[in-house]
Amino acid sequence: MAFTLLKELKHLTEIKEVKTFKHGIHPNDYKHYTKDLPIERMPFVDEYVLPLSQHAGAPSKPIVKPGDYVYRGQLIAEPAAFVSAALHAPVTGWVKAIEPREHPGGKISEAIVIERDPHSPQTLLNEHPIDWENLRPKEILEIIRLGGFVGLGGAAFPTHVKYAVPEGKHAKYFFVNAAECEPFLTTDYRIMLERYDSIFLGIRIILKLLGSEKAFIGTETNKWDAIELLRSLKPDDIPVEIIPLETKYPQGAEKMLIEAVVHREVPSGRLPIDVEVVVNNVGTVAAIGDIFQYNQPLIERVVTVTGPGIRRPANLLVPIGTPLTAIIEYCGGMTDNVRQVLFGGPMMGIPQRTLDVPILKGTSGVLFLTDYEVVPRQEYPCVHCMKCVDACPMYLNPSLLGMLARVRRYEDMLEHHVMDCIECGSCSYVCPSNIPLVQRFRVAKTLLREQMARERAKEKKA
Amino acid sequence: MSALTAILFLAGLSLFLAITLALANRKLKVQEDPRIEIVEEMLPGANCGACGEPGCRAFAESLIQGNHLPGDCPVGGPENAQKVAEFLGIDAGSSVRKVARLLCAGGKELAEQIAEYEGYPSCRAAAAAGGGAKGCVYGCLGLADCVEACTFDAMQMAPNGLPLIDVDECTGCGDCVRACPKGIIELYPINQHLIVQCKSLLAGDEALATCDVACTGCGICAADAPEGLITMKNNLPVINQNLLQLETKIATLRCPTGAITWVEEQQFPEIFIQLKKEKVVQ
């Protein structure tokens, strides 16, 4: 009796074991705004704007012209290069124009504008399950490539590029990244609670495609009910394990996730595949499950609309290209003291200068902050407290880099590995002197990249 | 006795070392072209890198090797280039002086601000964080990255939020060109008088909605100018720098917004004179 009890206890501690990486920070998670709200489908609006460059890599090449009638799910732009993504019509309607429009990245870029057909039932074009079990990996990869999939966590890296494992390399482990370490966002959490079928189907297909030994779903302990739900529903025939991770920022950065779970360090300037790992966001995996269930390409995504500056926070399922103004209207409008609107979370999100922007494939959330949260701060000199050194998950020395950046010694920063910075912002967060460290590193990195490109061009000429 | 040993020992040691050094000097002597030193003296010594070499000495070396012409140094100017060329007995090369020109005239009063940028005060940072606060995404962000990059004290921020370039001080080294994230500073020959002070690719009312002095892409200047001088490309006039002798003020007269201007020497002369005066008072 006592013996079995002990065994049970051991089992319990094993389940409760929490993994993590070294360093990092513990911001408040503020997920209570939308944590308990089920994903709701937003009603269709009249116009959708689809920028041709919603992903990392070359912009897509449009294959429709203004005036064309397109169906929901129809291919409207092809991938222009290997690192590029396809684009599909999110609604049935007419192509109104292909013209320059505001892009959430702070530029004006070519976009396909689609006007919804008000009389269409908005059913999916050619809806049917795909018999993936009889497909070869190459055919599965082609379906994913033409499905327009990109990482839905925020960076929007084309998914098929990750799956096209180079010759001589092997993806031993497949990671489903559901850490969602950014405060405020609850997109991945709601997907885990509501769309677990798609997640497990997605994992099944990707395991077949990659030939991996094992799949891990890594998620933070502040989503404990999701961990328990997935553990209870886990199918027995696929090797998948749900790993609880400490609630710590930036746990969702892929390098930190890999370090926490399999204790492998991705070498400087290399990719996860170099340590036999492929990482995908849980939303991407669920969307891949959907294309094989309903033949639905990536035409809609879950967006957390949250923050103290919006009257009715929500987890919305919206077609890609939905204008932000329509979402604000649907969520009851903004409060009067709203000061900043971010695409993404508060740590790495991109502030918007206008509300006239569409939701992109990589938009995980829209955050509305008020006067109360956004307080301009005065910068003081570095006091060498080394809080940033203890926070940096990449083991850099932000204090030193910050001082070099202040005097624009960018070449010296290169020697101190500034290019390994993942721009998570932990250093700026902990700095008691309010030094804009990560902002300076971003500037330094862009300038260094430009300089390297110039040197490469010069070498090519010579 | 012991003092004598020490003296003898040290004398022997110094003799041995002297012989070694004398031999090493003869064996390992590096023959350096004496002209390098002299040419380096003649160069401005700013080590700015505008010629493409890491510094003035490297430029002097490459001049002697024949990889560069003296005119490739924009800082020294034509007289200096001529002097170096005469000394080395080579061709001076093209020496039309180039200066930095700001291709945006949308100061605070003229261009609409649609947001407030409160982040790290650097144009690069603002460009990465949602593109800055100005309604026009092509325009100057006014956070002075170029002024900081200028090593010749030729730039300063004007009260209207735009950098002002003093062409008398500008050496055309191109540091500001590389610092600008929007690419609105370009090097133009000093004798080019027609300058399009706008980079907006938008046309018509869309461009005007963001800035009062935007180029609307109407093409009137191209029609008025002598044939071939101005061509329209991406809603912007492009001036053919090989036909600069054809330049006339006629091209600017019918411009509805004043985006194309005739620049005698300094851009924005009124602001320039005003700032000069303030400097003198100070």
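Note that the structure is predicted; figures quoted are calculated from it, not measured.

Residues and elements named next belong to chain A. Considered domain by domain, chain A is made up of domain 1 (14-41 + 123-375) and domain 2 (387-461). Of note, the centres of domain 1 and domain 2, computed from C-alpha atoms alone, are 27 Å apart. Each partner contributes to the interface: domain 1 provides 18 residues, whereas domain 2 provides 15 residues. Taken together, both faces of the contact between domain 1 and domain 2 bury some 1200 Å²; the carbon and sulfur share is 60%.

So, about the domain arrangement of chain B. Residue and element names in this part refer to chain B. Domain boundaries in chain B define domain 1 (35-88) and domain 2 (97-183). Averaged C-alpha coordinates put domain 1 and domain 2 at centres separated by 30 Å. Facing five residues of domain 1, the contacting portion of domain 2 comprises five residues. Summed over both sides, the interface between domain 1 and domain 2 buries roughly 440 Å², with carbon and sulfur atoms accounting for 67% of that surface. Linking domain 1 with domain 2 are zero salt bridges. Taken together, domain 1 and domain 2 are joined by zero residue pairs in polar contact (both at pLDDT 80 or more). Taken together, the residues of the side of domain 1 that touches domain 2 sort by class into five nonpolar, no polar and no charged.

As a further point, take the pattern of salt bridges. Residue and element names in this part refer to chain A. Considering all chains together, one arrives at 37 salt bridges over all chains under this definition. Salt-bridge contacts for Glu99 lead to Arg101; the nearest nitrogen and oxygen are separated by 2.8 Å. Accessibility expressed as a relative area gives 23% for Arg101, which makes it partly exposed. Here Arg339 makes a salt bridge to Asp371, at a shortest N to O gap of 3.4 Å. Of this pair, Arg339 sits in strand β15 (residues 338-343) while Asp371 sits in the loop between β17 (365-370) and α10 (387-391), placing them 32 residues apart in sequence. In this structure Arg339 comes out as partly exposed when scored by relative accessible area, which is 38%. Several salt bridges converge on common partners, so that one network encompasses Glu47, Lys96, Glu99 and Arg101.

Thresholds, definitions, all that
Residues numbered from 1 in each chain as written. Chains lettered and ligands numbered in written order. Predicted model: local features only at pLDDT ≥ 70, side-chain atom pairs only at ≥ 80, totals over all residues. Heavy atoms only, no water. Domains from an automatic or database assignment. Contact = heavy atoms within 4.5 Å. Buried area = accessible area lost by both parts, 1.4 Å probe. Salt bridge = Lys/Arg side-chain N within 4 Å of Asp/Glu carboxyl O. Polar contact = N/O pair within 3.5 Å; in protein donor to acceptor, adjacent residues only side chain to side chain. Nonpolar A, V, L, I, M, F, W, Y, C, P; charged D, E, K, R; others polar. Buried < 20%, exposed > 50% of the residue type's maximum accessible area, 1.4 Å probe, protein only. Helix = DSSP H or I, 4+ residues; strand = E, 2+ residues; numbered from the N terminus.

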